Amino acid sequence: RVNVVTTATSPDKFMKLEPKNAASLGFAVEDIVENLRNNRTIIDTDLGQLTEQMLDKKNTFLLPQFDKYNDTVALSGYSVFHENRKVGFIPVEDSRGLVTLLGREPSPRYSVDVDDCRYVVRALYKDRKIKPVLKNDGLEFNITYKYYAEIDTISDIQRFITDKDIKEIDSKLRQIIKDEAQ
């Protein structure tokens with residue numbers, strides 16, 4: 001599998017980077033992509049997928065962008081391509097909803113506070129449906145997620161989780177996911 005990524009740095013400078021967290025730049029990027037793929041927190045594209053996307057000249061697609069960060073390299077966001085030209089950039093901090101929407105089997109973690117306790121919850125998506133709806137003022141998308149959630153960690157390990165806590169976690173998690181999709 002050959003991963004395709006972009007960078008804001010000139011290719012000559014980028015290829016000369018010697019990250020301290022890996023033997024070479026290629027290994028560093030490959031390790032990061034693999035780790036993010038295993039955690040289901042990246043939209044990645046291989047060479048075959050990119051070729052298919054580029055054949056449709058009107059297609060819009062995303063490629064992960066990596067840039068230098070201190071003495072290493074890191075995912076900085078996503079380059080946006082339309083008609084095979086880079087037309088924009090989405091910073092990684094603004095891409096979470098997009099990864100949930102477009103990523104392969106996403107299972108993001110969310111922090112949810114209930115009373116004085118913080119829960120880290122993983123949402124495991126079973127089904128995502130995206131339905132375009134043509135409106136008078138443009139195109140709108142109705143997005144439906146079906147998921148179940150697992151609690152990964154609890155800040156108060158002696159806390160007994162009540163039905164009320166579960167309902168509040170569910171309500172807050174639904175709102176977080178709704179906010180991300182907008």
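Look up a bit, the structure's there.
Residues numbered from 1 in each chain as written. Predicted model: local features only at pLDDT ≥ 70, side-chain atom pairs only at ≥ 80, totals over all residues. Heavy atoms only, no water.

1. Observations regarding the pairing of strand S5 (residues 117–135)
The two faces of the sheet receive side chains in turn, since in a regular strand these alternate between them. Of the pairings in the sheet, the one linking strand S4 (residues 109–114) to S5 comprises 6 bridges and is antiparallel in character. Bridge assignment links Ser111 to a residue of S5, and that residue is Val120. Where S4 folds back on S5, the antiparallel hairpin that results is connected by 2 residues, among which Asp115 adopts a positive phi of roughly 55°. (Pairing = 2+ DSSP bridges. Helix = DSSP H or I, 4+ residues; strand = E, 2+ residues; numbered from the N terminus.)

2. Considerations on the environment of Ser79
Checked against the element boundaries, Ser79 lands in strand S2 (residues 72–82). Judged by its relative accessible area of 0%, Ser79 is buried. The sequence separation of Ser79 and Pro91 amounts to 12 residues, and the corresponding C-alpha distance is 8.8 Å. A polar atom in the side chain of Ser79 sits 2.8 Å from the side chain of Gln65. (Buried < 20%, exposed > 50% of the residue type's maximum accessible area, 1.4 Å probe, protein only. Polar contact = N/O pair within 3.5 Å; in protein donor to acceptor, adjacent residues only side chain to side chain.)

3. Re the side chain of Ser79
A distance of 2.6 Å separates the side chain of Ser79 from the side chain of Thr6, its partner in a polar contact. If we skip the residues at most four places from it in the chain, Ser79 touches Thr6, Phe61, Leu62, Leu63, Gln65, Lys86, Gly88 and Phe89. (Contact = heavy atoms within 4.5 Å.)

4. Quick notes on the pattern of salt bridges
Counted under the stated rule, the structure contains 9 salt bridges. Arg37 is the salt-bridge partner of Asp44, the closest N and O atoms lying 2.7 Å from each other. When its relative accessible area of 9% is taken as the criterion, Asp44 is described as buried. Between Arg159 and Asp165 there is a salt bridge whose closest N-O contact spans 3.0 Å. (Salt bridge = Lys/Arg side-chain N within 4 Å of Asp/Glu carboxyl O.)

5. What about a nonpolar patch on the surface?
A contiguous nonpolar surface patch, about 260 Å² in accessible area, is contributed by Ile130, Phe141 and Ile143. With respect to the secondary-structure elements, Ile143 resides in strand S6 (residues 138–154). By relative accessible area, which is 30% here, Ile143 ends up partly exposed. (Patch = residues over 30% accessible without salt bridge, like charges linked within 9 Å, V, L, I, M, F, W, Y side chains within 5 Å. Areas by Shrake-Rupley, 256 points an atom, 1.4 Å probe, with all protein chains shown as cover.)

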